[in-house]
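# Analysis of the macromolecular model
Single-letter residue listing:
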Amino acid sequence: MLRELLERAGRPAIRYLELTVTPSNIGSRSLFTSFAEDLRAPVAKSTLFEQSLFDDSDHEPELLLRIGPIQQT
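The structure presented is a predicted model; accordingly, all values stated were derived computationally and were not measured. (Residues numbered from 1 in each chain as written. Predicted model: local features only at pLDDT ≥ 70, side-chain atom pairs only at ≥ 80, totals over all residues. Heavy atoms only, no water.)

## Focus: the overall build of the chain
Helices and strands together make up the secondary structure of the chain, namely 2 helices and 3 strands. What you see in the chain, going N to C, is helices and strands ordered as α-β-α-β-β. Considered along the principal axes of its C-alpha atoms, the chain spans approximately 45 × 20 × 20 Å. Residues counted as buried form 25% of the 73 residues belonging to the chain. Per element, the accessible surface of the chain, about 5300 Å² overall, is 51% carbon and sulfur. (Helix = DSSP H or I, 4+ residues; strand = E, 2+ residues; numbered from the N terminus. Buried < 20%, exposed > 50% of the residue type's maximum accessible area, 1.4 Å probe, protein only. Areas by Shrake-Rupley, 256 points an atom, 1.4 Å probe, with all protein chains shown as cover.)

Put into structure tokens, the structure is as follows:
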């Protein structure tokens, strides 16, 4: 689905993808890291939302993953 988004004809050039995941969501983190590797694009990770911002004390922080710059094909 992500590759389709990047390859659609007539779309504006997409240079970066940004998404949030929790630290324990290893499946999603692995998927997006692998996708970035396939694109030969770096992945920058940072904390977007600290755990203290959530009412649910069990909620993990939300990490921001930024893939890019993405080279146009």
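## A short note on a nonpolar patch on the surface
Taken together, the side chains of Leu 48, Phe 49 and Leu 53 present a nonpolar region at the surface, about 280 Å² in accessible area. By the element assignment, Leu 53 lies in the loop between strand 2 (43-49) and strand 3 (62-67). (Patch = residues over 30% accessible without salt bridge, like charges linked within 9 Å, V, L, I, M, F, W, Y side chains within 5 Å. Salt bridge = Lys/Arg side-chain N within 4 Å of Asp/Glu carboxyl O.)

## Topic: the sheet that holds strand 3
Read across the open sheet, the 3 strands follow the order 1-3-2; overall the sheet is antiparallel. The open sheet has two free edges, formed respectively by strand 1 (17-21) and strand 2, since each of these has just one partner strand. Pairs of neighbouring strands in the sheet enclose a mean axial angle of 25 degrees, with direction left out of account. One ladder, built from 5 bridges, connects strand 1 with strand 3; its direction is antiparallel. Across the sheet, Glu 18 pairs through a bridge with Arg 66, a residue of strand 3. Against the sheet, helix 2 (residues 26-39) makes contact with strand 1, strand 2 and strand 3, and its axis sits at roughly 15 degrees relative to strand 3, the strand it touches most. (Pairing = 2+ DSSP bridges. Axes fitted to C-alpha atoms, helices over the stretch in contact; angles between N-to-C directions. Contact = heavy atoms within 4.5 Å.)

## Examining the nonpolar core
Across soluble globular proteins, nonpolar side chains show a tendency to be buried alongside one another. Ranked by internal contacts, the top residues of the largest apolar core, which has 14 residues, are Leu 6, Leu 17, Leu 19, Phe 35, Leu 39, Ile 67 and Ile 70. Listing elements by their share of this core, those giving two or more residues are strand 1, helix 2 and strand 3. Per-element accounting of this core gives the leading share, 4 residues, to helix 2. (Core = buried A, V, L, I, M, F, W, Y, C linked by side-chain atoms within 4.5 Å.)

## Thoughts on helix 2
Taking 1.5 Å of rise per residue, the 14 residues of helix 2 would be expected to cover 20 Å, and the 20 Å separating its terminal C-alpha atoms lies within 8% of that figure. Within helix 2, the full set of buried residues consists of Phe 32, Phe 35, Ala 36 and Leu 39. In an axial view of helix 2, the angular spread of the buried residues amounts to 100 degrees, which keeps them on one side of the axis. Every exposed residue of helix 2 that faces more than 90 degrees away from the buried side is listed here: Ile 26, Gly 27, Glu 37 and Asp 38. In this structure, the buried residues of helix 2 make contact with helix 1 (2-7), strand 1, strand 2 and strand 3. At the C-terminal side of helix 2, Arg 40 shows a positive phi close to 55 degrees. (Expected span 1.5 Å × (residues − 1). Arc of directions from axis to C-beta.)

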